[in-house]
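# Structural description and commentary
Below, each chain spelled out in residue letters.
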Amino acid sequence: MDVMAIEIVVPAVSGAVQGCVYGLLGLGLVLLYKSGRIFNFAQAEMGAFAAFMTAFADAGSGILPDMPVWAAVFFGMITGILLGLLVERVVVRPLFSAPKVTVVVATAGVFLFLYAIEGFLSGPGPRSATRIIDGDLYTNGGLRITNLGGIIVLVLGVLAVLSALFFSRTRMGTAIIAVSQEPTATRLVGISVERTAAFTWAVAGLLGAIAGILLSGTNGVIAPGLLTGLALVPAFTAAVFGGITALPGAFVGGVVIGIIEALAASNIPKDIMPGSGKVILFGALLAVLLIRPAGLLGKET
Amino acid sequence: MSAEVYAPPEEAAASPAKPHRAPRSYGPIRWLPRILFLLPFVYWVLWRIPNDEAGAPILADACIYAIVGLSLNILIGYTGQLSLGHNGFFGIGAFAAAYSLTVRDVPFAATFVIAGLCGALFALFMGFIALRITGLYLALITLVFGLTLEESLFEVEWLTNSGAGQPADRPEWLFDDRNFFYFCLSFLLLAVYIDWRLLRSKTGRALLALKENERVAEAFGINVTAFKLLAFVLSGTLAGVAGALLAYRIGIVTASGLGFNLALTFVLMTVVGGLGSRLGVILGASLFASLTFLLDETWVGVVQTFLVKVLSFGNHTAEINIEGSIVGFIGALGLLLTIVLNPGGIAQQIRPITRWLSGKPFSLHDDKDTGPGSVEGSSVRA
Amino acid sequence: MSVLEVRDLSIRFGGLQALEGLNLDVNEFEIVGLIGPNGAGKTTAFNCITGFYKPNGGTVTYRGRDVTKTPPHVKAAMGFGRTFQNVGMVKSATALENLRTAQHAKAGYDVFSGLIGTGASVRAEKKLTDKADAILDLLDLTAIRDKRVGGQSYGTLKLLELGCALATDPDVLLLDEPTSGMGPDESDELGERLLLLRKEFGLTILVIEHHVPLVLRVCDHVYVLNFGRLLAEGEPSFIQTHPEVVAAYLGGEDPEALAATHETAEDAELDAQLEARVHGVTATPAPEEPVAEDEPLDDDTTELPVAPKAKRAAPRTRGKTAAEQREAKAATPRPRRTKKDAT
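Here is a short report on the structure shown in this document. (Residues numbered from 1 in each chain as written. Chains lettered and ligands numbered in written order. Predicted model: local features only at pLDDT ≥ 70, side-chain atom pairs only at ≥ 80, totals over all residues. Heavy atoms only, no water.)

### What about helix 12 (residues 260–273) of chain B?
To keep things clear, this is the line we draw: What counts as a helix is a DSSP run of H or I of at least four residues, what counts as a strand is a run of E of at least two, and both are numbered from the N terminus. In this analysis, the expected span of each helix is defined as 1.5 Å times one less than the number of residues it contains. In this scheme, a residue with accessible area under 20% of its type's maximum is buried, one over 50% is exposed, and one in between is partly exposed, where area comes from a 1.4 Å probe on protein chains only.
Here helix 12 of chain B is 14 residues long and its end C-alpha atoms lie 20 Å apart, about the 20 Å a rise of 1.5 Å per residue gives. With 13 of 14 residues buried, helix 12 of chain B lies mostly within the body of the structure.

Given below as structure tokens:
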């Protein structure tokens, strides 16, 4: 492979895989925005919490028995769902009629809360995360796609399609959209606003858990706040990029953002501009919001 | 057409009755119990704690946080613009002060001006963004702004002394922590004065009006664009100056303490204190600044024992940093409880006392004019 | 001299032509009414005139200056006072605060002396409070001086909003449905107030209003909008019997047919009364009371036929005098200036 390819292709591919995780987190964000006009700043940390639980179960710490990897992952996902339900019940539902900005501050509070709990459970330093699968799917020179990377792409693709189908084909999906647009009228026709909200948060918790487990796996270690710092902003950018209400948009946006970030980080030396990936993301997000707020795949309203 | 035409005749000026007077006035005497009530607090805060070696730095922190709280309150409480990137303005101020003092040999006093200007500049930039992007998206972009600054500008080599941290040494007369507290307190008093003037002048009214309804504000002749930017600049200046104070308080500025969590903590303490209420915000900020101090080791020990011994989570008993977590824990819990159950924050809780202190008879119930609807931005007349 | 001159004003929202070629003149000390069915573009016209919307075409001239593109807050400072259809005030603040906020442009000190707290700014603040109190007194709203605006009744809010518009020290006052939420008595009172205010402050007023007795009593000139176009203009009495106007209010029916059914006894009486008001003669065998200024106008039937029900209930007897009057009127061609400008 020539130099050009190594400088461009390698980071682009690894960025695309990383971007899929952003997309996965972004999917949860889009879901919550679509259903309740909420930005969930705790989404990444909810995923991280599930990843922590997976790691605890995997290593068998505390009161948890030592589980096999698949059981630990399953346990983590269940934790994610329960966490989503809990957040909805305790934080979001009482704020049903509050301004949306208040709800957003509350989700930031959820982030801090989870951050603190994780600190209690694990200490401030990093601990090793559960890696579902080892080995490489494909290697060629500098280019390397791990099996885990392959799974991430696969999972994101399947989930994006499934969730898009869910909204267009199922009764529950339609109900969620209806609730988001006309809560009162929806209630009048007999749809339970509470139940749809709980369902949405459960799904968002599950999506977050999957993203958290996968991302911490590629990352190797996990620490309080790590996933939020690593992935929350790119996930939001991905969601906004793809059009905050378009589910496949999160997928596309995630991949685009992952590639942009990886290219910037690998090609702009740190001593010229540290954190170049983040700066580019900030610029991209700003540009999208200013120029095309509906995102790439979103509809202009 | 002009004011003279309907300048009020004498009786008109006198007639706007002040209905809520205390039924019986005891004259100056009625202030006596109030002063007696306040005296112990004044004694503790101004004399007792500052003379305590551990207490003085915490009080200084409280002042610094309170200035940030007031700064944030101008944006969130008065103008209705959510900023989750205040760590950015704060950090810029800290770095600017440290850098200009240590590297550029700028006089001590001038570093505060520079810090304020830098904070104002970045806030102005954010203000221009806020003209176009509003609501949730503004919250998002401010958050990303803070994170980006943390990872980019706060890592630049010449600013951060190659990552080792930029030193900021206090002048000799401020070495003493007690003196430094009084120094910070004077800044806080200045900030309070500006905040008070803000609400008492047309500027504050303009901000409150545009927060509620921009079209109405425009119809009243308020230049919404200019006043939004002004709010950002004012807020950024205060945050920048507070950052400079923090730089001198710690003595060395690194990016590590200026992250996302700090931004959230700022919002959190402001909301817990009570948006729109000056006293509430100051109390909320002080509470957060002193949380580590208030929760002494027995508390921490209980939690630790529970987690480690009972649930036996975590295999590294020794290095659990529970103090750091417990601040976040209590803070987050406080925020969630405030938002969900008690949106007026501390300010609402202590309203019976503050009302009594302002000279009205003591009563646990709100008077009609400042009812529950007054929770947000209530202190037009504070 | 025209205080406000609107020429050829057009604005479209997407596919909807909200205003098309609107011409409008407001002369010094005039009270001009702007009426029309819902969705006719009245409030849109207000928003264009006050600068909240940027029109796609046409000009707005204020005392000889082109102010088409002037932003609303500058216009407010120039002397455009306005009210909103759904009460435009700071609801969380008290009445007094609102009145002080409204004086923003004429506060008499700059932002920084306000922040520093110079003596001049404190004195200026005192003046603002005095003026606010004077306005409260003028509108009999002293009782709610320190009350939160949010909890007040709609009628009170509308009145206070008028006070806020006054507090901006206006030259031209644009009122969007000032009587909505008021009972008939309050509305009449408001009419008196407007006349009084005009006299006292030398105001020029443009008012959107549905309450027809008010329009008839206070307006010097009326413009009728329908589907974004000027349908008719003229004196209130002329507008009231204008067939196209009636048709517009009833919606889509043949104007001729409507003109025929229009000639009921009540209408005839009314016509005569109006004639009397204008020319100073009583032409009809009037009802018992002499043609007074207010009472008979309060009658339901004097409303423009907004509600078709009222129309149908009316007996269809044809008044002779009315017919005569009509013939007389028909002899002189009516000045139907629907599209051409009025100058």
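### Details of the interface of chain B and chain A
Counted only if it meets this: Here, residues are in contact when the closest pair of their heavy atoms is within 4.5 Å. Throughout, the accessible surface (probe 1.4 Å) given up by two parts as they are put together, summed over both, is called the buried area. Think of a salt bridge as a Lys or Arg side-chain nitrogen and an Asp or Glu carboxyl oxygen that are within 4 Å of each other. Pairing of N or O atoms within 3.5 Å defines a polar contact, subject to two protein rules: one partner must be a possible hydrogen donor and the other a possible acceptor, and residues neighboring in sequence count only if both atoms are side-chain atoms. Under this grouping Gly is polar, as are all residues other than the nonpolar Ala, Val, Leu, Ile, Met, Phe, Trp, Tyr, Cys and Pro and the charged Asp, Glu, Lys and Arg.
On the side of chain A, 50 residues touch chain B, which itself brings 51 residues to the contact. Summing the contributions of chain B and of chain A, the shared interface buries around 4,500 Å²; its carbon and sulfur component is 82%. The tally of links from chain B across to chain A stands at one salt bridge. Of the charged contacts, one joins Glu151(B) and Lys278(A) as a salt bridge, the two residues approaching to 3.6 Å between their closest N and O atoms. Here chain B and chain A share one residue pair in polar contact (both at pLDDT 80 or more) between them. Elements with a minimum of two residues in the side of chain B that touches chain A: helix 5 (108–132), helix 6 (135–151), helix 12, helix 15 (297–310) and helix 16 (322–341) of chain B. Looking at which element gives the most residues to the side of chain B that touches chain A, the answer is helix 6 of chain B, with twelve residues. Among the residues making up the side of chain B that touches chain A, the classes are represented as 35 nonpolar, twelve polar and four charged.

### Considerations on the side chain of Glu209(C)
Residue and element names in this part refer to chain C. As a reminder of what qualifies: Charge counting treats Lys and Arg as positive and Asp and Glu as negative, with His and both chain ends excluded.
With respect to the secondary-structure elements, Glu-209 resides in the loop between strand 8 (204–208) and helix 8 (212–218). Buried within the structure, Glu-209 lacks any salt-bridge partner; its nearest side chain of opposite charge belongs to Lys-158, at an N-O separation of 8.2 Å. At a separation of 2.5 Å, a polar atom in the side chain of Glu-209 contacts the side chain of Thr-179. Within the structure, the side chain of Glu-209 is placed 2.9 Å from the backbone nitrogen of His-211, a separation counted as a polar contact. Not counting the four nearest positions on each side in its chain, Glu-209 is found in contact with Leu-34, Ile-35, Glu-177, Pro-178, Thr-179, Leu-214 and Val-215.

### Regarding helix 4 (residues 86–102) of chain B
For helix 4 of chain B, built from 17 residues, the straight-helix expectation of 24 Å at 1.5 Å per residue is met to within 8% by its first-to-last C-alpha distance of 24 Å. With respect to burial, helix 4 of chain B is a largely interior element, 16 of its 17 residues being buried.

### Thoughts on the packing of aromatic side chains
Any pair of aromatic rings gets described here by the distance separating the centres and the angle formed by the planes. As a reminder, the rule being used: For Phe, Tyr and Trp, where Trp contributes only its six-membered ring, two rings pair if their centres lie within 6.5 Å, and the inter-plane angle classes them as stacked under 30 degrees, edge-to-face over 60, or tilted in between. Lysine and arginine charges are scored as sitting over a ring when NZ or CZ, respectively, is within 6 Å of the ring centre and within 35 degrees of the ring normal.
The full count for this structure, using the stated rule, is 34 aromatic pairs over all chains. Seen in terms of ring centroids, Tyr193(B) and Trp196(B) are 5.9 Å apart; in terms of plane orientation they differ by 45°. Their pairing is tilted. Taken together, the residues Tyr193(B) and Trp196(B), both in helix 8 (residues 177–200) and three residues apart, mark about one turn of the helix. A residue is classified by how much of its surface remains accessible, and Tyr193(B), at 35% relative accessible area, is partly exposed. When its relative accessible area of 33% is taken as the criterion, Trp196(B) is described as partly exposed. Aromatic ring contacts, followed pair by pair, group Phe108(B), Phe112(B), Trp173(B), Phe180(B), Phe183(B), Phe187(B) and Tyr248(B) into a single cluster. Between the NZ or CZ atom of Lys75(C) and the centre of the ring of Phe80(C), over which it lies, the distance is 5.8 Å.

### Some details on the sheet that holds strand 5 (residues 65–66) of chain C
All names here are of chain C. The criterion, for reference: Here, strands pair whenever DSSP counts at least two bridges between them. The axes are straight lines fitted to the C-alpha atoms, using for helices just the contacting stretch, and the angles between their N-to-C directions are given from 0 to 180°.
What the four strands build is an open sheet, ordered 2-1-4-5; its pairing is antiparallel. Only two strands of the sheet have a single partner each, and these edge strands are strand 2 (16–27) and strand 5. Of the strand pairs in this sheet, strand 1 (residues 2–13) and strand 2 are connected by eight bridges, and their pairing is antiparallel. Bridged to Ile-11 within strand 2 is Leu-19. Of the strands in this sheet, strand 1, strand 2 and strand 4 (57–62) are in contact with helix 1 (residues 42–49), which crosses strand 1 at around 115°.

### Section: the environment of Gly14(C)
You can see Gly14(C) is positioned in the loop between strand 1 and strand 2. The spatial distance from the C-alpha of Gly14(C) to the C-alpha of Leu99(C) is 37 Å, given a sequence separation of 85 residues.

### Quick look at the sheet that holds strand 6 (residues 80–82) of chain C
Residue and element names in this part refer to chain C. Read from one edge of the open sheet, six strands run 6-7-8-3-9-10, paired in mixed fashion. Because the sheet does not close on itself, it has two edges, and the strands there are strand 6 and strand 10 (229–234). Ignoring strand direction, the axes of neighbouring strands in this sheet form an average angle of 20°. Two elements, strand 3 (residues 31–35) and strand 9 (residues 221–226), share four bridges in a ladder whose sense is parallel. Of the residues in strand 9, the one forming a bridge with Val-32 is His-221. Of the strands in this sheet, strand 3, strand 6, strand 7 (172–176), strand 8 and strand 9 are in contact with helix 1, which crosses strand 8 at around 145°. Across the sheet, helix 7 (residues 184–201) is in contact with strand 3, strand 7 and strand 8; its angle to strand 3 comes to roughly 140°.

### Examining the nonpolar core
What counts, and what does not: Nonpolar cores are built from buried Ala, Val, Leu, Ile, Met, Phe, Trp, Tyr and Cys residues. Side-chain atoms within 4.5 Å join them into one set. An automatic or database domain assignment provides the domain bounds reported here.
Judged by nonpolar contacts, the single largest core of 244 residues is most densely connected at Phe39(A), Phe41(A), Phe90(B), Phe112(B) and Leu160(C). When we break this core down by domain, the ones giving at least three residues each are domain 1 (55–258) and domain 2 (260–364) of chain B. Residues in contact with Phe90(B), not counting those within four places in the same chain, are Ile64(B), Val68(B), Ala239(B), Ala242(B), Gly243(B), Leu246(B), Leu258(B), Leu262(B) and Phe266(B). Counting 29 residues, the second largest nonpolar core, distinct from the first, contains Ile11(C), Leu22(C), Val26(C) and Val32(C).

Geometric values such as these leave the question of function open.
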